[in-house]
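Residue-level structural notes
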Amino acid sequence: MDERDERDERDGPRRDVWATGAAYERYMGRWSRLVAEEFVPRSADAADGLRWLDVGCGTGALAAAVAARRRPRLVVGVDRSPGFAATARASARPSAPQHFVVADAMCLPARDAAFDAVVSGLALNFLPDPAAAVAEMARVVRPGGLVAAYVWDYAEGMGLLRRFWDAARRVDPSAAALDEGRRFPLCRPEPLRAAWAGAGLADVRVAAIEVPTVFADFADLWAPFLAGQGPAPTYTAALSPAARTRLRDALGAAVPRGPDGSVALTARAWAVSGRRPPRTRPARRSDGRWPA
Ligand SMILES: C[S@@+](CC[C@H](N)C(=O)[O-])C[C@H]1O[C@@H](n2cnc3c(N)ncnc32)[C@H](O)[C@@H]1O
């Protein structure tokens, strides 16, 4: 399957590419793994022996953190990209009860209440209908089970992407339409809280997770933008060589450098969690009888 086939036609002009796992790992996977390591102990269920689902699992960062930090009975990762699912499968520890399935987040291939915890890392904004996906997450978790996710704070706290899009807009005003801080409404606490409440989830909480993103040098930061995975690299790959050089120079001028040439930024994600309400007895009618 070539990269074009893995683009979602419903995404229209966005055309984000998610195909080559190794390139994604160099670009974003190395940072999403750090967030997943923070997220699992802080926001997710502590019990061992649970059945977990990771929605939009990509190359498997969150599924790996669950397998490493909990003793799950089962971890299933679902992603629409066959290439990413293959990378996740190849990097899973053989002893971990992990399975990776190619499927659509808005139509999960699972029966109702099949999982104890349903989680998702950095994926919600890339789905054509995030509300439908959250409803699916709520459907497949058991009553009382956890539904939790995190997304980058594209508008402000994700330093790498914020600097990238600010530099892109300086050299190409038309890049404003592609800026993830503008495209993605689900990158702030209130819309996340509303999405969880809208799916009928209870005990909704939102918290920030901040991780360091330290690059050995500017080349280490810039090279992954040339490999075409996700919105910013997809945009970069489509530029002419001259425009790409202008963007590289603008971004290079906008990032701080340490004495050794390293570039130290931080990345903030917003994590949201809630629970499917436990099964309750139906409300009593005003005549004092229980409904049939
Ligand atoms: C930014 S990546 C996040 C991957 C991974 N969870 C992580 O934290 O690194 C977004 C993921 O959403 C997946 N995706 C996009 N649309 C999807 C859909 N409709 N159903 C399932 N996955 C989808 C992409 O293939 C990609 O792997």
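Just so it is clear, the structure is predicted and the values come from calculations on it, not from any experiment. (Residues numbered from 1 in each chain as written. Predicted model: local features only at pLDDT ≥ 70, side-chain atom pairs only at ≥ 80, totals over all residues. Heavy atoms only, no water.)

1. Notes on empty space enclosed by the protein
Per the stated rule, a full pass over the model turns up one cavity of 30 Å³ or more. Empty space within the largest cavity amounts to approximately 500 Å³. What lines the largest cavity is a set of 37 residues, and nearest its centre among them are Trp18, Gly56, Asp79, Ala123 and Phe126. Those elements that place two or more of their residues in the lining of the largest cavity are helix 1 (21–43), helix 2 (61–69), strand 2 (74–79) and strand 5 (141–152). When residues in the lining of the largest cavity are grouped by element, the largest group, four residues, is from helix 1. In terms of residue class, the lining of the largest cavity is built from 22 nonpolar, seven polar and eight charged. (1 Å grid on protein atoms, 1.4 Å probe; cavity = no way out; pocket = protein on both sides within 12 Å on 5 of 7 lines; lining within 4 Å. Points joined across faces, edges and corners; volume = space filled by probe spheres on them. Helix = DSSP H or I, 4+ residues; strand = E, 2+ residues; numbered from the N terminus. Nonpolar A, V, L, I, M, F, W, Y, C, P; charged D, E, K, R; others polar.)

2. As for the site of the ligand
Surrounding the ligand, one finds 19 residues, the nearest of these being Tyr24, Ser32, Gly56, Asp79 and Gly121. Arg80 has a polar backbone atom sitting 3.3 Å from a nitrogen atom of the ligand. Backbone polar atom of Gly121 to a nitrogen atom of the ligand: 2.7 Å apart, as the coordinates give it. Starting from 590 Å² of accessible surface for the ligand in isolation, the protein chains cover 98%. Classifying every residue of the shell around the ligand gives 11 nonpolar, five polar and three charged. (Near = heavy atom within 4 Å. Polar contact = N/O pair within 3.5 Å; in protein donor to acceptor, adjacent residues only side chain to side chain. Areas by Shrake-Rupley, 256 points an atom, 1.4 Å probe, with all protein chains shown as cover.)

3. Re the pairing of strand 7 (residues 263–275)
With 10 of its 13 residues buried, strand 7 lies for the most part within the structure. Relative to strand 7, strand 5 runs antiparallel, the two being bridged by seven bridges. Across the sheet, residue Val151 finds its bridge partner in strand 7, namely Trp270. One ladder, built from 12 bridges, connects strand 6 (residues 202–215) with strand 7; its direction is antiparallel. Looking across to strand 7, one finds that Val206 is bridged to Val272. (Buried < 20%, exposed > 50% of the residue type's maximum accessible area, 1.4 Å probe, protein only. Pairing = 2+ DSSP bridges.)

4. Considerations on the nonpolar core
Of all hydrophobic cores here, the largest spans 60 residues; its most connected members are Trp152 and Leu221. The leading source of residues in this core is helix 1, at eight residues. Sequence-distant contacts of Leu221, defined by excluding residues within four places in its chain, comprise Leu160, Phe215, Leu251, Val255, Val263 and Leu265. Grouped together as the second largest cluster of nonpolar side chains are 28 residues, Leu108, Leu124, Val140 and Ala149 included. (Core = buried A, V, L, I, M, F, W, Y, C linked by side-chain atoms within 4.5 Å. Contact = heavy atoms within 4.5 Å.)

5. Structural notes on the packing of helix 5 (residues 159–171) against helix 10 (residues 241–254)
Two elements in contact, helix 5 and helix 10, have axes separated by 9 Å at closest approach and are oriented at 130°. Considered as vectors, helix 5 and helix 10 are oriented oblique to each other. Between helix 5 and helix 10 lies a crossing of right-handed hand. Residue-level contacts link Arg163, Phe164, Ala167, Ala168, Arg170 and Val171 of helix 5 to Arg246, Leu247, Ala250, Leu251 and Ala254 of helix 10. Here the contact of helix 5 with helix 10 is composed, by residue class, of eight nonpolar, no polar and three charged. (Axes fitted to C-alpha atoms, helices over the stretch in contact; angles between N-to-C directions. Parallel < 35°, antiparallel > 145°, perpendicular 65-115°, else oblique. Left-handed = near helix turned anticlockwise from the far one by under 90°.)

6. Focus on the pattern of salt bridges
Across all of its chains, the model carries 16 salt bridges by this definition. Residue Glu37 pairs with Arg69 through a salt bridge whose shortest N-O separation is 2.5 Å. Of this pair, Glu37 sits in helix 1 while Arg69 is found in helix 2, placing the two residues 32 residues apart along the sequence. Look at Glu37 and you get partly exposed, because its relative accessible area is 30%. The salt bridge partner of Asp116 is Arg51, with a shortest N-O separation of 2.9 Å. (Salt bridge = Lys/Arg side-chain N within 4 Å of Asp/Glu carboxyl O.)

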